[in-house]
Amino acid sequence: MLWFWEQTGGLLIEEFQLVKSSKNQGARRLDGLIVLGEPASRAASSQFNVKGRDVVAIQAKARTLEMSIMGQCLFSRDLLLALGVRSVRSVALCVEDDVVLRPLLERYQGCEVVVAKVQGPRS
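The rules behind these values
Residues numbered from 1 in each chain as written. Predicted model: local features only at pLDDT ≥ 70, side-chain atom pairs only at ≥ 80, totals over all residues. Heavy atoms only, no water. Helix = DSSP H or I, 4+ residues; strand = E, 2+ residues; numbered from the N terminus. Rg over C-alpha atoms; globule rule 2.2 N^0.38 Å. Buried < 20%, exposed > 50% of the residue type's maximum accessible area, 1.4 Å probe, protein only. Contact = heavy atoms within 4.5 Å. Areas by Shrake-Rupley, 256 points an atom, 1.4 Å probe, with all protein chains shown as cover. Lys, Arg positive; Asp, Glu negative; His and termini not counted. Charge placed at Lys NZ, Arg CZ, Asp CG, Glu CD. Pairing = 2+ DSSP bridges. Salt bridge = Lys/Arg side-chain N within 4 Å of Asp/Glu carboxyl O. Axes fitted to C-alpha atoms, helices over the stretch in contact; angles between N-to-C directions. Expected span 1.5 Å × (residues − 1).

Q: When you look at the overall build of the chain in this model, what are you seeing that I'm missing?
A: Tallying secondary structure elements over the chain gives 3 helices and 8 strands in all. Reading the chain from its N end, one meets helices and strands in the order α-β-β-β-β-β-β-α-β-α-β. At 14 Å, the chain has a C-alpha radius of gyration in line with the 14 Å of a compact globule built from 123 residues. By principal-axis analysis of the C-alpha atoms, the chain measures approximately 35 × 35 × 25 Å. For the chain, buried positions account for 41% of its 123 residues. Considering only intrachain contacts with a sequence separation of at least 6, the fraction spanning at least 24 residues in the chain is 62%. Summed over all atoms, the accessible surface of the chain reaches about 6700 Å², with 50% contributed by carbon and sulfur. Of the charged side chains in the chain, 16 are positive and 13 negative, and the gap between their average positions amounts to 7 Å.

So this is what it looks like as structure tokens:
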């Protein structure tokens, strides 16, 4: 994940909390959230007001693209839109592509697959 952030810039928030846990819902976290337009740095807190911001959501797995990370990528996009972001690029970061699954995810606006150029996504 750090490899991707180093190319993108912005404020990296690791384990960004999308949804808080309550009686009727589980907590949902991103592996990483990049807030564009901020100085390149890593946040000390997993909290940030994203309303009106341009963001990149990252779900990272050190394995081949699979359906579980695809679902995380798609629904993370929708949860961020519900928080009022101006725009979201939702990335499934993996170490190996799947030529059948990639097009299924990338047909959704704002969702994409990025294959890491290193041994595996670093968290």
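Q: How do you make sense of the pairing of strand β1 (residues 11–14) when you look at a structure like this?
A: Here is the key point about a regular strand: its side chains alternate between the two faces of the sheet. As paired strands, β1 and strand β4 (residues 32–35) are joined by 4 bridges and run antiparallel to one another. Of the residues in β4, the one forming a bridge with Leu11 is Val35. Note that β1 and strand β5 (residues 41–42) share 2 bridges and pair parallel. When the bridges of β5 are listed, Leu12 appears paired with Arg42.

Q: What's the story with the pattern of salt bridges in this structure? I'm lost.
A: Between side chains of opposite charge, a pair can form when the charged atoms approach closely. Scanning the entire structure with this criterion turns up 8 salt bridges. Its salt-bridge partner being Glu112, residue Arg89 comes within 2.7 Å of it at the nearest N-O pair. Pair noted here: Arg89 is in strand β7 (residues 87–94) and Glu112 is in strand β8 (residues 111–115), with a separation of 23 residues, a long-range link. What you see here is one network of salt bridges that share partners, running through Asp97, Arg102 and Glu106.

Q: How do you make sense of the environment of Gly9 when you look at a structure like this?
A: Inspection of the secondary structure assignment puts Gly9 in the loop between α1 (2–8) and β1. Discounting chain neighbours no more than four positions away, the residues touching Gly9 are Ile34, Leu36 and Ala40.

Q: Just checking my understanding: could you explain the sheet that holds β7 for this structure?
A: Across a sheet, paired strands are connected by hydrogen bonds in the backbone, their directions being either parallel or antiparallel. Strand order in the open sheet formed by 6 strands is β5-β1-β4-β6-β7-β8, with mixed pairing between adjacent strands. In this open sheet, the two edge strands, each paired with only one partner strand, are β5 and β8. Note: β7 against β8, 5 bridges, orientation parallel. Residue Ser90 lies in a different strand from β8, and its bridge partner there is Cys111. Lying over the sheet, helix α2 (residues 67–82) contacts β4, β6 (54–60), β7 and β8, oriented at roughly 160° with respect to β7.

Q: Got a minute to help me understand the environment of Ala44 in this structure?
A: For Ala44, the location among the structural elements is in the loop between β5 and β6. Between the C-alpha atom of Ala44 and that of Arg63, which follows or precedes it by 19 residues, the distance is 28 Å.

Q: Could you clarify how one ought to interpret α2 in this entry?
A: Because each turn of an α-helix spans 3.6 residues, side chains separated by three or four positions in sequence point in the same direction. Across its 16 residues, α2 extends 23 Å between first and last C-alpha, which sits within 8% of the 22 Å expected from 1.5 Å per residue. Those residues of α2 that are buried are in contact with β2 (17–19), β4, β6, β7, α3 (101–106) and β8. Of the residues flanking the end of α2, it is Gly84, one or two places downstream, whose phi is positive at about 95°.

Q: Could you clarify how one ought to interpret unusual backbone geometry in this entry?
A: One can expect most non-glycine residues to show negative phi and most peptide bonds to be in trans. The phi dihedral of Glu15 falls on the positive side, at around 55°, and the residue is not glycine. In this structure, Glu15 sits in the loop between β1 and β2.

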